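# Coordinate inspection notes
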Number of protein chains: 2
Amino acid sequence: MTKRKKPLILITNDDGFRAKGINELIQGLRGLGELVVLAPDGPRSGMASAITSLVPINYKLIRQEEDLRVYSCTGTPVDCVKLAINVLLDRLPDLLVSGINHGGNMAICVHYSGTMGATAEGCVFGVPSIGVSLLDHREDADFSECCRLGRVVAEKVLAEGLPRGTYLNLNLPTDVPVKGIKVCHQAEGRWVNEFKEGENGVGEKVYWLTGNFRNDDKLADNDVEWLDKGYASLVPCKIDVTDYGYLEHLGSWDLG
Amino acid sequence: MTKRKKPLILITNDDGFRAKGINELIQGLRGLGELVVLAPDGPRSGMASAITSLVPINYKLIRQEEDLRVYSCTGTPVDCVKLAINVLLDRLPDLLVSGINHGGNMAICVHYSGTMGATAEGCVFGVPSIGVSLLDHREDADFSECCRLGRVVAEKVLAEGLPRGTYLNLNLPTDVPVKGIKVCHQAEGRWVNEFKEGENGVGEKVYWLTGNFRNDDKLADNDVEWLDKGYASLVPCKIDVTDYGYLEHLGSWDLG
């Protein structure tokens, strides 16, 4: 009988390989399988699913231990996933975990987040993929609950798999201990008052991104609501963004 | 009786304000309303829904004519939309048109495209939004059919509106004349063989993004299929990426 291979787990993020969040995640997942980390060489927050095509990218080994290799990459979070799967790894990972992000990726943030871009990209390759984020931007945030619940979800996904084209978005509030995990939908809403005006060195106006999130969701069971109540939110997300409910009506339009 | 205001139409892209595609689009939409263009100051292809938060951004007026103002912006396509609506414009646009992109944004490309990131962002603000792309990357591509069909769709959207949270992804093949517009879903599939190995100036390996799209969709009425047959594809897309079909099953998982 041949020994069954350990699960291969690809880890990435958008805060860079030096961030506390990804290093806590590595520790939290130790023992679950062979861990390969390929993460940006510096901050790539808000990079969404951006890809690098005008310049080449590369990667290098940072450290190696038993069942753990850590690489840094000059590209975006999505580049990291593409490079790992196309070039670095000799087989498809059994699981991708992206994070732990310093800052929440609930609601509309799923679209802006590099952490979630990388998660979606794992899913594109057919790898069961989970993004994990904490609603705390601080460098020294406390990721202990994220590690605990991230591991619970990771173990479950390794055992159960995920449907083709579906990935998971796990967010944790700063409340400790977290009251539990609530499976729910992405809250409707957007950022408001998004810019702070400033002035550059030669006296020209410049605009800094800032703002507050406004929850416009009228339905129960949205992620923002559960996070506000001290629960972790777990949203299953789809790669296919087609609005199937509107296809028929749009098809009835006379477009010449 | 007060004179009804002309429709306000916000135009952006990811190829930059100098690209042929956006300038053809401007000409194609002239007469439909007051056109305000706020587009990146250079190429931002593959920027998805990326946002700029670590440095400030700014914009400047490039040219002004009757019912047309053109601004360039140092940010990403999504930054352009946010800046236009938060800072530049005194009212919400009646329509956003993003493009015409030099290169197709069908299938999974909807996730990587800055043109489609900007389109989604318009939708987040409640602005009926359309992304228009041509399956031709060349600087001097022929955008005449895109302008014709883009205007048809734009006029229809101005008249009918779009559901809250839904935006449109219009792609055109290079075949002229286009056989018609097919309303359809986003093809399932992904890019394969994505990197070409090279060497930098000091002899280190580098990786250039390249690859071919592989259509894995087994169902009829997907965008790649219709484009292959010489039709334009029109896909309604949703901001809410929740996989509602999987919520109940995921909710049944024992997560402690």
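An account of the accompanying structure is given in this report. (Residues numbered from 1 in each chain as written. Chains lettered and ligands numbered in written order. Predicted model: local features only at pLDDT ≥ 70, side-chain atom pairs only at ≥ 80, totals over all residues. Heavy atoms only, no water.)

This part takes up the sheet that holds strand 7 (residues 166–172) of chain B. Taken together, the nine strands give an open sheet; going across it, the order is 3-4-2-1-5-6-7-13-8 (chain B), and neighbouring strands pair in mixed fashion. Unpaired on one side and paired on the other, strand 3 (59–65) and strand 8 (181–183) of chain B mark the two borders of the sheet. Strand-to-strand, the axes of this sheet are offset by a mean angle of 20 degrees, without reference to chain direction. Along the sheet face, helix 7 (residues 244–251) of chain A touches strand 7, strand 8 and strand 13 (232–238) of chain B and points at about 140 degrees away from the line of strand 13 of chain B. (Pairing = 2+ DSSP bridges. Helix = DSSP H or I, 4+ residues; strand = E, 2+ residues; numbered from the N terminus. Axes fitted to C-alpha atoms, helices over the stretch in contact; angles between N-to-C directions. Contact = heavy atoms within 4.5 Å.)

Another aspect to go through is the pattern of salt bridges. Applying the stated rule across the entire model yields 36 salt bridges over all chains. Across the salt bridge formed by Glu197 of chain A and Lys205 of chain A, the nearest N and O atoms sit 3.7 Å from each other. Two residues, Arg164 of chain B and Asp216 of chain A, come together in a salt bridge whose shortest N-O distance is 4.0 Å. With one member in each of two chains, Arg164 of chain B in the loop between helix 5 (144–160) and strand 7 and Asp216 of chain A in the loop between strand 12 (212–215) and helix 6 (223–228) form a pair that bridges those chains. For Arg164 of chain B, a relative accessible area of 64% puts it in the exposed group. Salt bridges sharing partners connect three or more residues here, namely Glu34, Arg69, Arg91 and Asp94 of chain A. (Salt bridge = Lys/Arg side-chain N within 4 Å of Asp/Glu carboxyl O. Buried < 20%, exposed > 50% of the residue type's maximum accessible area, 1.4 Å probe, protein only.)

Residue and element names in this part refer to chain A. Read from one edge to the other, the open sheet built from nine strands follows the order 3-4-2-1-5-6-7-13-8, with strand pairing classed as mixed. Whereas interior strands pair on both sides, the edge strands pair on one side only; in this sheet they are strand 3 (59–65) and strand 8 (181–183). Taking the axes of each pair of neighbouring strands and ignoring which way they run, one obtains an average angle of 20 degrees across the sheet. Where strand 1 (residues 8–12) and strand 5 (residues 95–102) come together, four bridges link them in parallel fashion. What sits directly across from Ile11, in strand 5, is Val97.

Each partner contributes residues to the interface: chain A has 77 residues there, and chain B has 77 residues. Together chain A and chain B conceal approximately 6,600 Å² of surface at their shared face, both sides included; 67% is due to carbon and sulfur atoms. When the buried area of chain A at its contact with chain B is split by residue, Tyr207, Val241 and Leu255 of chain A rank highest and sum to 10% of it. In this assembly, chain A and chain B are joined by six salt bridges. Summed over the shared surface of chain A and chain B, the number is 28 residue pairs in polar contact (both at pLDDT 80 or more). Of all the elements, helix 2 (residues 77–88) of chain A adds the most residues to the side of chain A that touches chain B, at six residues. Of the residues contributing to the side of chain A that touches chain B, the split by class is 45 nonpolar, 17 polar and 15 charged. (Buried area = accessible area lost by both parts, 1.4 Å probe. Polar contact = N/O pair within 3.5 Å; in protein donor to acceptor, adjacent residues only side chain to side chain. Nonpolar A, V, L, I, M, F, W, Y, C, P; charged D, E, K, R; others polar.)

Structural measurements only, silent on function.
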